[in-house]
Every structure is written in structure tokens, then in C-alpha cells.
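# A structural walkthrough
So the chains spell out like this:
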Amino acid sequence: MILQALYDYYQRKCASTDPAERLPAYGLEEKEIPFILEITADGELVQLRDTRSQDGKKKVGRRYLVPQGIKRASGIAANLLWDNVEYLTGIDTRGKPERVIEQHAAFRARINALPASAQADAGLRAVQAYLNKIDPERLAQEPGFAEAKENNALMSFQLHGEPQLVCQRPAVASAAMAADDPADDTPRARCLVTGQPAETERLHAAIKGVWGAQVAGANIVSFNLDAFESYGKRKLQGENAPVGKPAAFAYTTALNHLLGKGSRNRFQVGDASTVCWAEQQGEAVSEYDTVFADIFGQHDNPDAGVNAVTTLFNSVQSGRFDGAEGSARYFVLGLAPNAARISVRFFHTMTLAELAPRILQHFKDLQLTHGPNDSDYPSLFRLLTACAAQGKADNIPPNLGGAIVDAILADPNAPYPSLWLNAAVNRCRAEREVSYHRAAAIKACLNRSIRRNPQEKEFQPMLDLDNTSAAYRLGRLFAVLEKIQEEASPGLNATIRDRYYGAASSTPVAVFTTLLRLKNAHLKKLSQGRSVSFEKLLGEVLSAVTDFPAHLTLTDQGRFALGYYHQRQAFFTKSDKAESTKENN
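A brief report on the enclosed structure follows. All values derive from a computational prediction rather than experimental measurement.

Quick look at the sheet that holds strand β14 (residues 341-351) now. A sheet is described by the order of its strands in space; here 4 strands give the open sequence β11-β12-β13-β14, paired in antiparallel fashion. The two strands at the open ends of the sheet, each matched to only one other strand, are β11 (266-269) and β14. Averaged over all neighbouring strand pairs, the angle between strand axes comes to 25°, with direction disregarded. Taken together, the 6 bridges between strand β12 (residues 272-278) and strand β13 (residues 329-338) define a ladder with antiparallel strand orientation. Its bridge partner being in β13, A278 is matched across the sheet by Y330. The strands touched by helix α12 (residues 352-366) are β13 and β14; relative to β14, the strand with the most contacts, the crossing angle is about 105°.

As C-alpha cells, this is what we get:
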């Protein structure tokens with residue numbers, strides 16, 4: 001299903017009416033080539049041109065459409081008319097002159113193997129003339145060669161005064177693509193992607209752009225141990241699950257494109273590099289092609305995610321997904337590194353009409369009253385870092401982000417991972433602070449659990465005076481006692497929260513008797529009216545509490561944190577209203 005969806009995406013991009021959106025045709029690939037050897041028709045070197053431009057702190061070479069590269073590990077195999085310095089020039093860069101001689105010979109043999117139609121091309125003749133009389137001393141005089149040699153950088157050829165590379169010239173490109181066509185006697189098998197007979201791809205192209213995977217890329221389909229291979233298929237690798245060469249090229253090209261730098265379809269969820277795309281309906285590409293990445297990805301513009309959610313909400317409200325547009329399928333694929341391979345962390349496919357309500361339900365579950373500087377639609381990254389030690393992304397549990405996305409996409413009532421609730425509660429207790437993002441995570445986890453086992457009503461975005469949960473009321477009580485202390489002793493560096501929150505939220509009986517005794521001293525410092533107001537509030541909060549529990553479970557600690565947060569926000573809301581009334585008067 002995954003490979004078929006990527007294959008269809010490749011076909012869609014190739015059929016695009018916009019040339020800029022098309023993906024490379026079969027037998028070609030986009031490659032970053034930092035240096036270009038400009039030569040004359042006689043094979044004389046004009047210059048070594050540096051194609052790189054500054055991108056942040058590093059230089060990035062220009063990308064060119066070139067013949068598809070050869071997959072190599074330790075053996076010698078040359079690419080056609082482009083390769084690193086050793087293959088292309090025969091100049092040793094790593095102290096292995098004998099091997100470099102073999103590499104350069106393989107590079108020239110690859111060129112000589114092209115058919116007569118390509119050999120007659122003026123560009124190819126110029127390259128052969130240059131290679132016949134290559135002068136390392138002349139090349140060393142070029143300003144960028146020392147850096148190219150040091151990095152063993154990729155290089156290619158270009159005729160002076162022409163816009164395209166030699167490998168892009170029509171006769172050469174046609175010959176390169178024709179070389180991939182199987183001979184009549186080549187063994188064929190039924191491709192598992194297309195269902196058509198085709199020559200099987202033995203080694204699939206590497207997938208690059210997966211965070212944490214090898215720099216050279218990793219495989220999503222591979223067989224390298226006996227345990228993975230069928231009987232009689234040893235050393236045949238790809239024949240264990242036959243995928244035709246055109247289909248293998250299509251899905252790897254599509255996935256590398258989706259994972260590419262600057263791709264709007266790509267975003268990071270914990271350790272999972274995630275891509276998303278929509279099925280095309282008619283001739284137009286859906287405007288929701290990147291909606292999942294827009295909402296859950298990280299952006300330079302902090303309002304981008306909020307705008308995407310708002311647009312999605314308006315689309316659902318206006319009924320846009322009730323027709324053909326809503327029937328378009330949407331795909332979300334999460335990939336994680338696993339040594340030299342890539343593991344599929346999750347894969348979901350559904351219609352846009354099914355996707356939109358699930359995303360909106362996620363944000364409804366997170367909905368909470370908050371301060372003016374907090375977002376109505378908190379990003380997944382902020383929610384995860386709020387539950388990580390020291391608020392650092394490196395401390396986010398590896399599988400947590402993927403498990404949350406799994407829950408969002410699986411069903412509007414699918415439970416969030418218990419690890420999320422555990423992490424949020426533990427951070428509240430460890431740092432003695434119930435922040436907006438932690439409280440939102442706790443509320444979302446509790447509400448989804450309640451919907452699956454409805455023995456109590458769901459938690460509201462704001463303070464719920466009718467909620468009789470003992471843990472929730474104790475959280476409210478703790479917030480009231482803290483507020484009394486703050487008003488009795490303004491300017492305190494530390495409140496009861498800094499000293500008692502951890503114990504109060506886990507073993508209430510050991511703390512609250514002491515705190516209730518201390519509050520009497522604090523109330524004496526307040527005005528009579530204010531003291532009476534707090535006494536009434538304490539009576540309302542404690543009306544549903546029959547006893548102080550010896551211990552609170554993890555979910556009850558979440559209820560405690562939510563009650564504390566709601567009561568604190570209620571105090572702030574009343575203060576804001578009071579100040580607003582004074583200003584108006």
C-alpha cells in the first residue's frame with residue numbers, strides 16, 4: 001500500500017502541467033553538483049566553476065538533472081559523466097593511488113560503453129578529448145580545486161557557452177535512459193506495485209532525508225540476511241519481494257522528493273521523519289496537500305499552524321468536504337532510522353472528510369483557558385517539549401510523538417499514549433509548575449480516556465464548579481490556599497507550591513492538614529471582606545471532599561493538576577475583569 005501510494009504520487013508529479021513540479025524521468029535523478037568543469041569542443045579546460053551558494057552557515061551546490069547514480073558500498077562502480085574527483089579526474093585524494101586508477105578506468109569505460117548515437121555527440125567527444133589529455137597541474141591552478149580535492153567533491157562536465165551539462169544533452173540523456181531498458185532475454189517477474197511483468201530491481205535506491213539515518217541514505221526495502229530471504233533467493237535480495245525497476249525508481253524518487261530539504265510535505269514528529277500528501281482530484285492538486293505538515297510541523301512563522309487549523313475548521317463548517325473534494329484520499333507516513341534501514345513508524349490513509357474531524361477533535365480535546373500570549377491551537381512540538389526534562393527537544397521520549405499522531409489519525413476517540421499523561425504529570429510534579437501546555441496535554445489524555453469508559457463527565461476548558469472529583473477539588477483547594485498566601489504576604493519569593501506541590505498532588509493526607517492550619521494565620525492578615533470571600537470559596541471547594549486520600553493514582557494526579565490550573569486561571573480572569581471595570585469607570 002505504501003509503495004503503491006508513492007508510485008501514484010510519482011505518476012501525478014510527472015504528469016503535472018507545471019515543469020517546475022515534475023519529478024525526474026526514469027533513469028534520471030536530481031543531484032547536487034558543487035563543481036563543473038567547463039571545457040571547449042577540443043577538450044581544453046576553460047575553468048572549474050563553483051556552483052555553490054551560501055545557505056546559512058554552509059555552502060550548497062546547485063542541483064542538476066543527471067543520469068541516475070550507481071548504488072555502491074565498497075566496490076568500484078562509476079556514474080555516467082558525473083562523479084567525485086577521484087573517479088572523474090583520476091587524482092588521488094585519500095592515499096590510495098592503485099584504487100583511484102581503477103576508479104578512473106571504470107569512469108571512462110562507462111562513457112565508452114555508450115552507443116554510437118551518443119558517441120557522435122560533440123559534447124561527449126569533448127569530454128573524451130579532455131580525459132585523454134587531462135593535466136592535473138593545470139587543474140590544480142583553478143581556485144576551487146584545492147577544496148574540491150580535499151572533500152572529494154562531485155563534479156561534472158559542461159561545454160563552454162552552453163547552458164546544459166554534457167550528460168543533459170539530448171543524445172547522451174536518451175542513451176542513458178535507454179541503457180536501463182531490459183533486454184528481451186532478461187528474467188521478469190510480476191511487480192508487486194504495478195501488477196505488470198517487469199525486470200526486478202535487485203537493490204533499491206537509498207532513501208535520504210530521514211532524521212538520524214545514515215548520511216548516504218538507508219533502505220525501506222532490503223534483504224541482507226538469511227532470515228529475511230526466501231528459499232532459493234539467497235543473494236538475489238530484491239527478488240524476495242519483486243518490485244520492477246520502473247516502480248522502484250518511481251517510489252524512491254517520490255519519497256526522496258517528499259523528504260527533500262525545503263519540502264512543505266515534510267515535518268518532524270519526535271524521531272519520526274513524517275511526510276504527507278493528498279490524492280489528486282481531477283486536474284487540480286488539492287490545496288490541502290500539505291495541511292497536516294502545516295498544522296503539526298515547525299514553522300518560522302508562529303501563526304502558520306494557527307492559520308492552517310482555522311482554514312480547516314472553516315472548510316468543515318462550510319461543507320467543503322461533503323462533495324468530491326472530501327472524497328480525496330490523504331496519506332501520512334512516518335519513518336524512523338534503524339541502522340542501515342528505515343522502519344515505518346506509522347502509515348495512515350483516509351479521505352479528507354475523515355481527516356478533518358480527527359484533527360479538529362484533537363484541538364478540541366486540548367482546548368483550555370489560557371493567557372493572552374498562548375496559542376489557541378498549541379503545536380505538537382510545544383506540547384512535547386513541555387513534557388520533556390528541561391524543556392529540551394533532545395529529552396522527548398523517542399516514540400511519543402509518533403504515538404500521539406497515531407492516536408490523532410486512528411479515531412477521534414482513540415486514547416493518547418499513557419506515556420504522554422505520565423510525562424506531563426511528572427514534569428508538573430518535578431518542576432512544581434502546571435503550565436498551559438502540560439495542562440492541555442493532561443486534559444486531552446483524560447477526556448479521551450473518559451469517552452472510552454464514560455463513568456464521569458469530560459473536563460471543560462474552564463473551571464467546572466460542578467465537577468465533584470476529589471482529586472480535581474483538591475487541586476482547586478491547593479490553588480485557593482496558594483492565592484490566600486500570596487495576598488497575605490505579597491512579594492514572596494516562594495509559595496506553598498514550590499515546597500508542597502509534589503507531596504500535595506501525590507499524598508494529600510500528609511500535606512493538607514498542615515496547609516489548612518497555616519491558612520488561618522494568612523487569613524488574619526487580610527481584610528474582613530476578603531477573608532470571608534475566601535472562607536466561602538473554601539467551603540464550596542471542600543463540600544465534595546469527604547476525606548484526604550493517602551495516595552493519588554497517576555490519572556488522579558492529572559485531575560489534581562487540572563483542578564489547580566483551572567482555579568488559578570479563574571483567579572486571573574476575575575482580576576482582569578476587575579481591572580477592566582475600573583478602567584471603564
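Structurally, E86 is set in helix α2 (residues 85-89). With near-sequence residues (within four places) excluded, E86 lies in contact with I91, D92, T93, R94, V100, Q103, H104 and N152.

Below, the discussion takes up the nonpolar core. The biggest cluster of nonpolar side chains holds 91 residues, and the ones touching the most others in it are F292, W420, F478 and F512. The greatest single-element share of this core, amounting to 10 residues, is contributed by helix α17 (residues 470-488). Excluding residues within four positions of it along the chain, W420 makes contact with L366, L383, C387, L400, I404, A441 and C445. In this structure, L88, F107, I111 and Y130 belong to the second largest nonpolar core, which totals 39 residues.

The strands making up a sheet associate through backbone hydrogen bonding, with each pair oriented either parallel or antiparallel. One open sheet accounts for 4 strands, arranged β3-β2-β8-β7; its pairing is mixed. Of all the strands in the sheet, just β3 (45-50) and β7 (82-84) have a single pairing partner and so form its edges. On average, each strand axis in the sheet is tilted by 30° relative to the strand beside it, whichever way the strands run. In this sheet, strand β8 (residues 154-159) lies alongside β7 in antiparallel orientation, the contact comprising 3 bridges. Within β8, the position partnered with N84 by the bridge is L154. Packing of helix α5 (residues 122-132) onto the sheet brings it into contact with β2 (35-39), β3 and β8, and relative to β8 it is tilted by some 120°.

Relative orientation of the contacting elements α12 and helix α16 (residues 436-452) amounts to 115°, with a least axis distance of 7 Å. On the basis of the axis angle, α12 is roughly perpendicular to α16. The segment α12 lies against α16, with R358, Q361, H362, K364, D365 and L366 engaging A440, A441, K443, A444, N447, R448 and R451.

Further remarks concern the state of the cysteines. Going through the model one piece at a time under the given rule, you end up with 0 disulfides. In this model C14 remains outside any disulfide bridge; the closest cysteine sulfur is found in C191, 16 Å from its own. A relative accessible area of 28% places C14 in the partly exposed class.

Once that is clear, we can look at unusual backbone geometry. Of note, the phi angle at N152 is positive, near 50°, even though the residue is not glycine. In this structure, N152 sits in the loop between α7 (145-151) and β8.

This part takes up the pattern of salt bridges. Counted according to the given criterion, the structure contains 30 salt bridges. Across the pair R448 and D365 runs a salt bridge whose closest N-O atoms are separated by 2.8 Å. Here D365 lies in helix α12 and R448 lies in helix α16, a separation of 83 residues in the sequence. Each of the two residues, R448 as well as D365, counts as buried. D556 is the partner of R559 in a salt bridge, and the nearest nitrogen-oxygen pair spans 2.9 Å. Pair noted here: R559 and D556 are both in helix α21 (residues 554-584), with a separation of 3 residues, about one helical turn. What you see here is one network of salt bridges that share partners, running through D365, R448, R451 and E458.

Rules of the game
- Residues numbered from 1 in each chain as written.
- Predicted model: local features only at pLDDT ≥ 70, side-chain atom pairs only at ≥ 80, totals over all residues.
- Heavy atoms only, no water.
- Pairing = 2+ DSSP bridges.
- Helix = DSSP H or I, 4+ residues; strand = E, 2+ residues; numbered from the N terminus.
- Axes fitted to C-alpha atoms, helices over the stretch in contact; angles between N-to-C directions.
- Contact = heavy atoms within 4.5 Å.
- Core = buried A, V, L, I, M, F, W, Y, C linked by side-chain atoms within 4.5 Å.
- Buried < 20%, exposed > 50% of the residue type's maximum accessible area, 1.4 Å probe, protein only.
- Parallel < 35°, antiparallel > 145°, perpendicular 65-115°, else oblique.
- Disulfide = S-S within 2.5 Å.
- Salt bridge = Lys/Arg side-chain N within 4 Å of Asp/Glu carboxyl O.

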